[in-house]
Amino acid sequence: MRRENWMSYFQNKSIHELVIPGSHDSFAYDFKILGPNESGMPRIANLFIKLWAKCQSKTIYEQLLMGIRYFDIRITKYNGEYYTIHSLIAIPVGQILHDILLFIDTFPTEKIILDFNHLYIDDVKEFEEYLKFQIGDKAVSNNNDNIIAAIGTLDKPLFVFVDDDNTSFFNSDILKSFWHDTNDVNLLTTSMSEESKEGLLRITQAILTPTQTDVLLGIFLFFIFPSSLKALTYKNKQRIYDYLELDIQNKNIIITDFVDEDYVDLCIRENVRRAN
């Protein structure tokens, strides 16, 4: 089974029934270091902010080829253009959409979930019109029946969610997301095990959230403590994967930082088990 088109093996399953590997702050792999930051700090601080804002090391297209099918997207407007943002200005939204459309043209069996869940913009309707223009007729219609329909019966490739009550796309409220807000891997795994199993679509955030103390220790005592989110994640990644291996039968959409092939394979194995 190839990761780039793994959904082709599960065309009789819905996104509600599958384990969907996703990425947290999917676009946070490259930043405009000379741009503004959300904290309003002097731009020299961006060099340190980047170390903790960076959540991925693969581009969107590389993540797609790896098998990632859920994307956590947060947007703002910068110099008149829509950009992704995570503490710092990141990738243009147009670039992300271009890569996604290129991928689905190459791999038409795949269904992609785009979750625009943090909108730091004044005019959501304007952004939705921009989205419609960019993706054309590629979006699945916002009927909940399509969420429980076999993906092979759907003639559109994109499930688009927008955090807006009046959206013409799916409302992000449909996605029940569990953020555990801890930097302790033991508390994280315990909290993940207690997630509700109810809801049409459920997101497990298998991530560690650094505190301000973590950041300061990483700057001044980097030879003792993790000096970046990547270092914190890699220190605990196997513990998180070990937990998921044991409890993945109860999961739907999972997101994590610094996605890799082992993580995707873990999700695909569970889908094979469910299909048998």
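Up top is the structure these notes are about.
The sections below set out a description of the structure shown in this document. Quick caveat: nothing in here was measured; it's all calculated off a predicted structure.

Moving on: helix 8 (residues 261-275). Helical geometry note: an α-helix holds 3.6 residues per turn, so side chains three or four residues apart project in the same direction. Taking 1.5 Å of rise per residue, 15 residues should cover 21 Å, and helix 8 covers 21 Å from first to last C-alpha, within 8% of that figure. Among the residues of helix 8, Tyr-263, Val-264, Leu-266, Cys-267, Ile-268, Glu-270 and Asn-271 are the ones counted as buried. At its buried positions, helix 8 is contacted by strand 1 (20-23), helix 2 (60-66), helix 7 (229-247) and strand 10 (253-256). Measuring from the backbone nitrogen of Asp-262 back to the side-chain oxygen at the start of helix 8 gives 3.3 Å, which picks out Asp-260 as the cap.

For strand 5 (residues 112-120), a buried count of seven out of nine residues is recorded, marking the element as mostly surrounded by other parts of the structure. In the sheet, strand 2 (residues 70-78) pairs with strand 5 via seven bridges, with the strands oriented parallel. Residue Ile-73 lies in a different strand from strand 5, and its bridge partner there is Phe-116. As judged from the five bridges shared by strand 5 and strand 6 (residues 158-162), these two strands associate in the parallel manner. Across the sheet, Asp-115 pairs through a bridge with Phe-161, a residue of strand 6.

Bridging between strand 8 (residues 175-178) and strand 9 (residues 201-205) involves four bridges; their strand directions are parallel. By the bridge assignment, Lys-176 is partnered in strand 9 with Arg-202. In terms of handedness, the path from strand 8 via helix 5 (residues 185-193) over to strand 9 forms a crossover that is right-handed.

Of note, Glu-270 is situated in helix 8. On the accessibility criterion, Glu-270 (6% relative accessible area) is buried. Discounting residues that sit within four places of it in the chain, Glu-270 has contacts with Val-19, Ile-248 and Gln-249.

Rules used throughout
- Each chain has its residues counted from 1, following the order in which its sequence is written.
- Predicted model: local features are reported for residues with pLDDT of at least 70 only, side-chain atom pairs are reported and counted for 80 or more only, and whole-chain, interface and lining totals are derived from all residues.
- Processing note: side-chain calculations cover all non-hydrogen atoms of the structure and skip hydrogens and water entirely.
- Going along the chain from the N terminus, every DSSP run of H or I of four or more residues is numbered as a helix, and every run of E of two or more is numbered as a strand.
- Here a helix's expected span is defined as the number of its residues, less one, multiplied by 1.5 Å.
- Between buried and exposed lies partly exposed: a residue is buried under 20% and exposed over 50% of the maximum accessible area for its type, with that area taken using a 1.4 Å probe on protein chains only.
- A contact between two residues is defined here by any heavy atoms of the two lying within 4.5 Å.
- Think of a polar contact as two N or O atoms within 3.5 Å of one another; within protein, one of them needs to be a possible hydrogen donor and the other a possible acceptor, and neighboring residues in sequence only count if both atoms come from side chains.
- By this definition, two strands are paired if DSSP reports at least two bridges between them.
- Here, the term right-handed applies to a crossover whose path from the first strand over the helix to the second runs clockwise when the strands point away from the viewer.

Nothing here speaks to function; it is all geometry.
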